[in-house]
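Next come the chains, spelled out residue by residue.
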Amino acid sequence: MGMDVAEWIAVDWGTSNLRAWGIASDGNVTFSRSSDRGMGKLGREDYPGVLAGLLEGVDPSSGDVVICGMAGARQGWIEAPYLDAPADLAGLIFSAVRPEMSDSALQPRILPGVCLKAPGAEDVMRGEETQLLGLSALVPGFSGLVIMPGTHSKWATLSGTRVERFTTVMTGELFEVLKTHSVLRHSLQGELDGPGRDEGFDAGLSMGLDAPERLTATLFKVRAGSLLSGRGPDWCAGFLSGLLIGAEIGGQRDWIAGAEVPLIGSTGLCALYARALSRIGIAGRVVDATDATIAGLKTARKALA
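Everything quoted here is computed from the prediction, not taken from an experiment.

Participant: Requested: an account of the sheet that holds strand E11 (residues 123-125), with residues and values cited.
Facilitator: Spatial strand order, E7-E10-E11: three strands in an open sheet with mixed pairing. Strand pairing shows two members of the sheet lacking a second neighbour, strand E7 (83-84) and E11, which therefore form its edges. One ladder, built from two bridges, connects E7 with strand E10 (residues 114-116); its direction is parallel. Across the sheet, residue Leu83 finds its bridge partner in E10, namely Val114.

Participant: Residues and numbers for the pattern of salt bridges, please.
Facilitator: As enumerated under the stated definition, the model contains 15 salt bridges in all. Here Asp4 ties to Arg33 by a salt bridge, and the two come within 2.9 Å at their closest N and O atoms. Of the two residues, Asp4 is situated in strand E1 (residues 4-6) and Arg33 in strand E4 (residues 29-35); the sequence distance between them amounts to 29 residues. For Arg33, a relative accessible area of 10% translates into the label buried. In this structure, Arg279 and Asp202 form a salt bridge, with 3.4 Å as the shortest nitrogen-oxygen distance.

Participant: Describe in detail the environment of Met101, supporting the description with residues and values.
Facilitator: Mapped onto the elements, Met101 comes out in the loop between strand E8 (87-88) and strand E9 (107-110). Note on Met101: relative accessible area 10%, which makes it buried. Sequence-wise, Met101 and Gly49 are 52 residues apart; in three dimensions their C-alpha atoms are separated by 8.9 Å. With residues up to four places along the chain from it excluded, the contact list for Met101 reads Pro48, Leu51, Ala52, Trp77, Leu106 and Pro108.

Participant: Residue-level account of helix H4 (residues 196-210), with values.
Facilitator: Along its 15 residues, H4 runs 22 Å from first to last C-alpha, staying within 8% of the 21 Å computed at 1.5 Å per residue. Of all the residues in H4, the buried ones are Gly196, Gly200, Phe201, Gly204, Leu205, Gly208 and Leu209. Close packing links the buried residues of H4 with helix H7 (233-251) and helix H8 (267-279).

Participant: Explain H7 to me, and be specific about the residues and the numbers.
Facilitator: Helical geometry note: an α-helix holds 3.6 residues per turn, so side chains three or four residues apart project in the same direction. The first and last C-alpha atoms of H7 sit 26 Å apart over 19 residues, in line with the 27 Å expected at 1.5 Å per residue. Of all 19 residues in H7, 17 are buried, a share of seventy percent or more.

Participant: Can you explain the side chain of Ser226? Please cite residues and give values.
Facilitator: Here Ser226 shows up in helix H6 (residues 221-228). For Ser226, a relative accessible area of 18% corresponds to the buried category. Those residues in contact with Ser226, other than ones at most four positions away along the chain, are Ser187, Arg231 and Cys236.

Participant: Account for the environment of Ile110, naming residues and giving values.
Facilitator: Relative to the helices and strands, Ile110 is located in strand E9. Placed 18 residues apart in sequence, Ile110 and Leu92 show a C-alpha to C-alpha distance of 9.7 Å.

Participant: An account of the sheet that holds strand E6 (residues 64-69) is requested, with residue identities and associated values reported.
Facilitator: Across the sheet, five strands lie side by side as E4-E3-E2-E6-E9; this open sheet has mixed pairing. Only two strands of the sheet have a single partner each, and these edge strands are E4 and E9. When the angles between neighbouring strand axes are averaged without regard to direction, this sheet yields 20°. Pairing analysis gives four bridges linking E6 to E9, with the strands arranged parallel. Bridging across to E9, Val65 finds its partner in Pro108. Strands strand E2 (8-13), strand E3 (18-23), E4 and E6 of the sheet are contacted by helix H9 (residues 289-302), whose axis makes an angle of about 55° with E3.

Participant: So, the domain arrangement of the protein: which residues are in play, and what are the values?
Facilitator: One can read the domain layout of the protein as domain 1 (1-119) and domain 2 (127-304). Once you take the C-alpha centre of each, domain 1 and domain 2 turn out to be 27 Å apart. Each side of the interface is counted separately: domain 1 has 32 residues, and domain 2 has 20 residues. Between domain 1 and domain 2, roughly 2200 Å² of surface is buried when both sides are summed, and carbon and sulfur atoms account for 69% of that area. Looking only at domain 1, the three residues that lose the most surface to domain 2 are Trp8, Pro86 and Leu89, adding up to 22% of its buried area. Our count for the contact surface shared by domain 1 and domain 2 stands at two salt bridges. Between Arg301 and Asp64 there is a salt bridge; the shortest N-O distance is 3.1 Å. Viewed at the interface, domain 2 and domain 1 are joined by six residue pairs in polar contact (both at pLDDT 80 or more). Looking at the side of domain 1 that touches domain 2, the elements with two or more residues in it are E2, E3, E6, E8 and E10. Here the element with the most residues in the side of domain 1 that touches domain 2 is E6; it accounts for five residues. Split into classes, the residues belonging to the side of domain 1 that touches domain 2 amount to 22 nonpolar, four polar and six charged.

Rules used in this analysis
- Residues numbered from 1 in each chain as written.
- Predicted model: local features only at pLDDT ≥ 70, side-chain atom pairs only at ≥ 80, totals over all residues.
- Heavy atoms only, no water.
- Pairing = 2+ DSSP bridges.
- Helix = DSSP H or I, 4+ residues; strand = E, 2+ residues; numbered from the N terminus.
- Salt bridge = Lys/Arg side-chain N within 4 Å of Asp/Glu carboxyl O.
- Buried < 20%, exposed > 50% of the residue type's maximum accessible area, 1.4 Å probe, protein only.
- Contact = heavy atoms within 4.5 Å.
- Expected span 1.5 Å × (residues − 1).
- Axes fitted to C-alpha atoms, helices over the stretch in contact; angles between N-to-C directions.
- Domains from an automatic or database assignment.
- Buried area = accessible area lost by both parts, 1.4 Å probe.
- Polar contact = N/O pair within 3.5 Å; in protein donor to acceptor, adjacent residues only side chain to side chain.
- Nonpolar A, V, L, I, M, F, W, Y, C, P; charged D, E, K, R; others polar.

As structure tokens, then:
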């Protein structure tokens, strides 16, 4: 690799992947690098070598490396204790931890996650808090509900840079578990992205939005539909996806106060959530997850200036 130059390095260290961006003094991204060496593959002693390897040939003039995500988890590099919500994310960097990085000019700091300790509403996030801080920079003055679709969707109430409350919905993981390990898997074998998927999604969405409390009863319609109505795997996959997303939004409807809802995540998944929200008269505004992460890391570091 040639020499890449940056003032400092922004890093998102997830469970599956590791991504780094060089940031110039004017805030522009000068390079990006990625690796599949996420937290799930590493022991505590592996982190310094993995980071040094990823950034080989990089010369950050300040030596600063600001990291968000699972590197700060209890089973990560070094634990960055959670901030208690309600929390002002503008000061994230002041609660960062500094792991040892001997024999290196790099000076890593790992940002904390955020937790909610209220009995019965306990919850945690690690990584999403940085995206929420990024949203506050990308959409100045935003106040309201933010939905972050993914394996574990997050619903958060943001007021400027302050996260008031949040909750985690296991929609993406439920889809995978049901598709892979439940009786529904028999109806989900074959081409799942065929022409029937859209129609199935709309049918599932209606059912999930209208009766989220009946989710455990409506899930079996995936199997029954393929056995009795000749529904193909594409229709069944769409139906299951629509049903779960519909039940997530229908079940959380009391969090929606009207107005536009930013959706932070992968473009494809956010588009499905936008489609679901439009059914109940709410506009979704898709915000790319990487843009939000980089903006959040930049905003966090700026607080040191």
